[in-house]
Amino acid sequence: QVQLVESGGGLVHPGGSLKLSCAASGLTFSTYIMNWYRQAPGKERELVASISTAGRNTNYADSVKGRFTISRDNAKNTVFLQMTGLIPEDTAVYYCNARWLGNLYWGQGTQVTVSS
């Protein structure tokens, strides 16, 4: 079955950095658009970043532009989210998402907490 497993979350001070990873299995990874979403307490889940199948095109939420970078390694079936300049408002559970035609899969999420 399809599995998406996120890792790399944790507690970081404001201004710090984290790199999230999402390892995929059970699907043809290179055919899927990969996305990172996040959900903060009491808020709706929001799209943070997207990357095309070959990694040539990326899109970001305005709130993270210039601070976050999404990338992928199709040879390793992994998508990454490099987060820099973290602020408390980035605190959320971060979810990896794979989308292709009518197929949509989610990971279990990884907690990111930005606090002094």
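Refer to the structure above for everything that follows.
Report follows, based on the coordinates. (Residues numbered from 1 in each chain as written. Predicted model: local features only at pLDDT ≥ 70, side-chain atom pairs only at ≥ 80, totals over all residues. Heavy atoms only, no water.)

Regarding the state of the cysteines
Across all of its chains, the model carries 1 disulfide by this definition. Each sulfur in the disulfide pair Cys22 and Cys96 lies 2.1 Å from the other. On the S-S bond that ties Cys22 to Cys96, the torsion sits near -75°, and the link is left-handed. Of this pair, Cys22 sits in strand S3 (residues 18-25) while Cys96 sits in strand S9 (residues 92-100), and the two are 74 residues apart along the sequence. Accessibility expressed as a relative area gives 0% for Cys22, which makes it buried. With relative accessibility at 0%, the residue Cys96 sits in the buried group. (Disulfide = S-S within 2.5 Å. Helix = DSSP H or I, 4+ residues; strand = E, 2+ residues; numbered from the N terminus. Buried < 20%, exposed > 50% of the residue type's maximum accessible area, 1.4 Å probe, protein only.)

Remarks on the nonpolar core
Counting 29 residues, the largest nonpolar core has Met34, Trp36, Val79, Leu81, Met83 and Tyr94 as the members making the most contacts within it. Every element with two or more residues in this core is listed here: S3, strand S4 (33-39), strand S5 (46-51), strand S7 (68-73), strand S8 (78-83), S9 and strand S11 (110-114). If near-sequence neighbours (up to four positions away) are discounted, Met34 is found in contact with Leu4, Phe29, Ala49, Ser50, Ile51, Ile70, Arg72, Val79, Cys96, Asn97 and Ala98. (Core = buried A, V, L, I, M, F, W, Y, C linked by side-chain atoms within 4.5 Å. Contact = heavy atoms within 4.5 Å.)

Description of the sheet that holds strand S1 (residues 3-7)
Strand pairing within a sheet occurs via backbone hydrogen bonds; the two strands may be parallel or antiparallel. Taken in spatial order, the 4 strands of this open sheet run S1-S3-S8-S7, and their pairing is antiparallel. The open sheet terminates on both sides in strands that have one partner only, identified here as S1 and S7. Each neighbouring strand pair of the sheet contributes to a mean axis angle of 15°, computed without reference to strand direction. The pairing of S7 with S8 spans 6 bridges and is classified as antiparallel. Across the sheet, Asp73 pairs through a bridge with Thr78, a residue of S8. (Pairing = 2+ DSSP bridges. Axes fitted to C-alpha atoms, helices over the stretch in contact; angles between N-to-C directions.)

Thoughts on the environment of Leu18
Along the chain, Leu18 falls in strand S3. Taking the relative accessible area as the measure of exposure, Leu18 reaches 15% and is therefore buried. Sequence-distant contacts of Leu18, that is, excluding residues within four places in its chain, are made with Gly8, Gly9, Gly10, Val12, Leu81, Gln82, Met83, Leu86 and Val112.

Quick look at the pairing of S4
Across the 7 residues that make up S4, a large majority, 5, are buried. As paired strands, S4 and S9 are joined by 7 bridges and run antiparallel to one another. Each residue of the ladder has a partner; that of Met34, found in S9, is Ala98. Inspection of the sheet shows S4 paired to S5 by 5 bridges, in the antiparallel sense. Directly across from Arg38, in S5, lies its bridge partner Glu46. Linking two consecutive strands that pair antiparallel, namely S4 and S5, is a turn of 6 residues; a positive phi of about 80° is found at Gly42 within it.

Topic: the pattern of salt bridges
On inspection of all chains with the given rule, the structure shows 4 salt bridges. Between Arg38 and Glu46 there is a salt bridge, with the nearest N and O atoms lying 2.6 Å from each other. With a relative accessible area of 5%, Arg38 lands in the buried category. Classification of Glu46 by relative accessible area gives partly exposed; the value is 33%. Two residues, Asp90 and Arg67, come together in a salt bridge whose shortest N-O distance is 2.7 Å. Here Asp90 is found in the loop between S8 and S9, whereas its partner Arg67 is found in the loop between strand S6 (58-60) and S7, with 23 residues between them in sequence. The same class applies to Asp90 and to Arg67, which are both buried. Several salt bridges share partner residues, and in doing so they unite Arg38, Glu46, Arg67 and Asp90 into one network. (Salt bridge = Lys/Arg side-chain N within 4 Å of Asp/Glu carboxyl O.)

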